[in-house]
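Chain by chain, the residues run as shown.
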Amino acid sequence: MGEEHDASISIEASDRFRTAAAEWGDRRMMDDEEAMSVKAEQALLEIEHLVGGHTDVEFDVEDGTIRYEPSAELAAFLDEQAERVGIGPEGVLALYVDLFARVFLDDDRTEG
């Protein structure tokens, strides 16, 4: 029997993340909330793919809070990193999401 992880993590989007999402959304004529959701999905997909090879994520973004239930692999990784640096798994995930905030901003250069 496989071990399941069912602990949801909530993180507040940083100002850096919000700015990147707004900039990205402006280029695509999206409102800020929709752009934030797309950027959260991009970041979470990158993180999940790098850690466990996953290609699908389910999450919720509301009022600047991202709620996400990580895969078992990502949860274990976050726990390990959290113990190593002395912050909670939420803090580690927030750092990684923030790291990926500006990824894909320049993809317009390859369009058209």
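Presented here is an overview of the structure given in this document. All values derive from a computational prediction rather than experimental measurement.

Describing the overall build of the protein
Then step 1. Within the protein, the regular secondary structure consists of 4 helices and 3 strands.
Then step 2. In the protein, which comprises 112 residues, the share counted as buried stands at 34%.
Then step 3. Taking contacts inside the protein between residues at least 6 apart in sequence as the whole, the part at least 24 apart equals 59%.

Things to note about the nonpolar core
Then step 1. Counting 23 residues, the largest nonpolar core has Phe17, Leu44, Ile66, Leu93 and Val97 as its most contacted members.
Then step 2. For this core, the elements supplying multiple residues, two or more each, are strand S1 (9-12), helix H1 (15-27), helix H2 (32-52), strand S3 (65-68), helix H3 (72-85) and helix H4 (89-99).
Then step 3. For this core, the element with the most residues is H2, which contributes 5 residues.
Then step 4. Residues contacting Ile66, with those up to four places away along its chain left out, are Ile9, Ser10, Ile11, Phe17, Ala40, Leu44, Asp60, Val61 and Val97.

Observations concerning the side chain of Gln42
Then step 1. Looking at where Gln42 falls in the secondary structure, it is placed in helix H2.
Then step 2. In terms of polar contacts, Gln42 uses its side chain to reach the side chain of Lys39, at 3.0 Å.

Thoughts on H4
Then step 1. Of the residues making up H4, those classed as buried are Val92, Leu93 and Val97. When H4 is viewed along its axis, its buried side chains cluster within an angular range of 135 degrees and face the same direction. Across H4 from its buried face, at more than 90 degrees, point the exposed residues Leu95 and Leu99.
Then step 2. Contacts made by the buried residues of H4 are with S1, H1, H2, S3 and H3.

Side note on the packing of H3 against H4
Then step 1. Interaxial distance between H3 and H4 falls to 8 Å at its minimum, and their mutual angle equals 105 degrees. As judged from the angle between their axes, H3 and H4 are roughly perpendicular. Taking contact as the criterion, the partners of Phe77, Leu78, Asp79, Gln81, Ala82 and Val85 in H3 are, on H4, Pro89, Val92, Leu93 and Tyr96.
Then step 2. Taken together, the residues of the contact of H3 with H4 sort by class into 8 nonpolar, 1 polar and 1 charged.

Quick word on the packing of H2 against H3
Then step 1. Direction vectors running N to C along H2 and H3 enclose 90 degrees, while the axes themselves pass 9 Å from each other. As summarised for this structure, H2 and H3 are arranged roughly perpendicular, according to the angle between their axes. Judged by residue contacts, Ile47, Glu48, Val51 and Gly52 of H2 engage Glu73, Leu74 and Phe77 from H3.
Then step 2. Per-class residue counts for the contact of H2 with H3 are 4 nonpolar, 1 polar and 2 charged.

Details of the environment of Asp60
Then step 1. Structurally, Asp60 is set in strand S2 (residues 59-62).
Then step 2. Judged by relative accessible area, which is 36%, Asp60 ranks as partly exposed.
Then step 3. On a C-alpha basis, the gap between Asp60 and Glu41 in space is 9.4 Å, while along the polypeptide they are 19 residues apart.
Then step 4. When neighbours within four sequence positions are excluded, Asp60 is seen to be in contact with Thr65, Ile66 and Arg67.

Conventions used here
- Residues numbered from 1 in each chain as written.
- Predicted model: local features only at pLDDT ≥ 70, side-chain atom pairs only at ≥ 80, totals over all residues.
- Heavy atoms only, no water.
- Helix = DSSP H or I, 4+ residues; strand = E, 2+ residues; numbered from the N terminus.
- Buried < 20%, exposed > 50% of the residue type's maximum accessible area, 1.4 Å probe, protein only.
- Contact = heavy atoms within 4.5 Å.
- Core = buried A, V, L, I, M, F, W, Y, C linked by side-chain atoms within 4.5 Å.
- Polar contact = N/O pair within 3.5 Å; in protein donor to acceptor, adjacent residues only side chain to side chain.
- Arc of directions from axis to C-beta.
- Axes fitted to C-alpha atoms, helices over the stretch in contact; angles between N-to-C directions.
- Parallel < 35°, antiparallel > 145°, perpendicular 65-115°, else oblique.
- Nonpolar A, V, L, I, M, F, W, Y, C, P; charged D, E, K, R; others polar.

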